[in-house]
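Summary of structural features
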Amino acid sequence: MERKMKPGQPSLKVRNAAQAVDTALSHLHKNHVQNTPGADTKWQEKTIYSPENPDYAITGKMFTSDDWWIEIFQGVVPLSNTVYKITVFNAKLNYYWKGSVKADGSVTEAGAFRLLSEEESRSMSEEFLKKSQVPPPRPGSYGH
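Okay, so let's go over this structure. (Residues numbered from 1 in each chain as written. Predicted model: local features only at pLDDT ≥ 70, side-chain atom pairs only at ≥ 80, totals over all residues. Heavy atoms only, no water.)

On to the overall build of the protein chain. From N to C terminus, the protein chain includes two helices and six strands. Along the protein chain, helices (α) and strands (β) appear in the sequence α-β-β-β-β-β-β-α when read from the amino end. Looking at the protein chain as a whole, 35% of its 144 residues are labelled buried. In the protein chain, once contacts between residues fewer than 6 apart in sequence are set aside, the share between residues at least 24 apart is 44%. Total accessible area on the protein chain is roughly 9,500 Å²; 50% of this is exposed by carbon and sulfur atoms. (Helix = DSSP H or I, 4+ residues; strand = E, 2+ residues; numbered from the N terminus. Buried < 20%, exposed > 50% of the residue type's maximum accessible area, 1.4 Å probe, protein only. Contact = heavy atoms within 4.5 Å. Areas by Shrake-Rupley, 256 points an atom, 1.4 Å probe, with all protein chains shown as cover.)

Okay, structure coming up:
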């Protein structure tokens, strides 16, 4: 069921993390970044949790496929004001890109897609792996 937009309300082109991934990858394709995953890529989606405080869960999403890792965080705001903060990383190719996607579909780059050094890539791999292994907060804790 599609909602009618009120006059002056921004158009919602991106409504969730998966659509934000598609928008970011489309942006990279348009900018001719070689080896960017295609539209036919099959992603595994996982909720990731903050390791800092088990009673207060800050969550995001992690999308993985082969050697690609995409991490997304978003704040709790009305859908029309959502900004998805995205990191795209490939450990095998040492590729890295960071940016954001707004609900209206606009993309802002925090930095151009770049090649990481072996050491940076190894460090990034360890960080992504560690984040993917944080267990969910215990039942009954804040927000759950």
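As a further point, take the nonpolar core. Within the largest apolar cluster, 20 residues are counted, with the highest numbers of intra-cluster contacts made by Ile 70, Ile 72, Ile 86 and Phe 113. Element by element, the count of residues in this core is highest for helix α1 (residues 17–30), at six residues. Residues in contact with Ile 86, not counting those within four places in the same chain, are Ala 20, Val 21, Ala 24, Ile 70, Glu 71, Ile 72, Trp 97, Lys 98, Gly 99 and Val 101. (Core = buried A, V, L, I, M, F, W, Y, C linked by side-chain atoms within 4.5 Å.)

Let us now look at α1. Taking 1.5 Å of rise per residue, the 14 residues of α1 would be expected to cover 20 Å, and the 20 Å separating its terminal C-alpha atoms lies within 8% of that figure. Among the residues making up α1, those that are buried are Ala 17, Ala 20, Val 21, Thr 23, Ala 24, Leu 25, His 27 and Leu 28. Buried positions along α1 lie against β2 (59–65), β3 (68–74), β4 (83–90), β5 (95–102) and β6 (107–115). Residue Asn 16 occupies the N-cap position of α1, its side-chain oxygen lying 3.1 Å from the main-chain nitrogen of Ala 18. At the C-terminal side of α1, His 32 shows a positive phi close to 60 degrees. (Expected span 1.5 Å × (residues − 1). Polar contact = N/O pair within 3.5 Å; in protein donor to acceptor, adjacent residues only side chain to side chain.)

What follows deals with helix α2 (residues 118–132). Helix length check: α2 (15 residues) gives 21 Å between terminal C-alpha atoms against 21 Å at 1.5 Å per residue, within 8%. When α2 is considered as a whole, its buried residues turn out to be Ser 121, Met 124, Phe 128 and Ser 132. The arc that holds the buried residues of α2, viewed along the axis, is 70 degrees, so those residues lie on one side. Away from its buried face, by an angle of more than 90 degrees, α2 presents the exposed residues Glu 119, Glu 126 and Lys 130. Lining the buried residues of α2 we find β1 (44–49), β2, β3, β4 and β5. (Arc of directions from axis to C-beta.)

Burial of β5 is extensive: six of the eight residues sit out of reach of the surface. Where β4 lies against β5, eight bridges are found, and the strand directions are antiparallel. Looking at β5, one finds that Val 83 is bridged to Lys 102. Here β4 folds back onto β5, and the loop between the two strands holds four residues, one of which, Asn 94, carries a positive phi near 65 degrees. Pairing geometry for β5 and β6, over six bridges, is antiparallel. Across the sheet, Gly 99 pairs through a bridge with Glu 109, a residue of β6. Here β5 folds back onto β6, and the loop between the two strands holds four residues, one of which, Gly 105, carries a positive phi near 95 degrees. (Pairing = 2+ DSSP bridges.)

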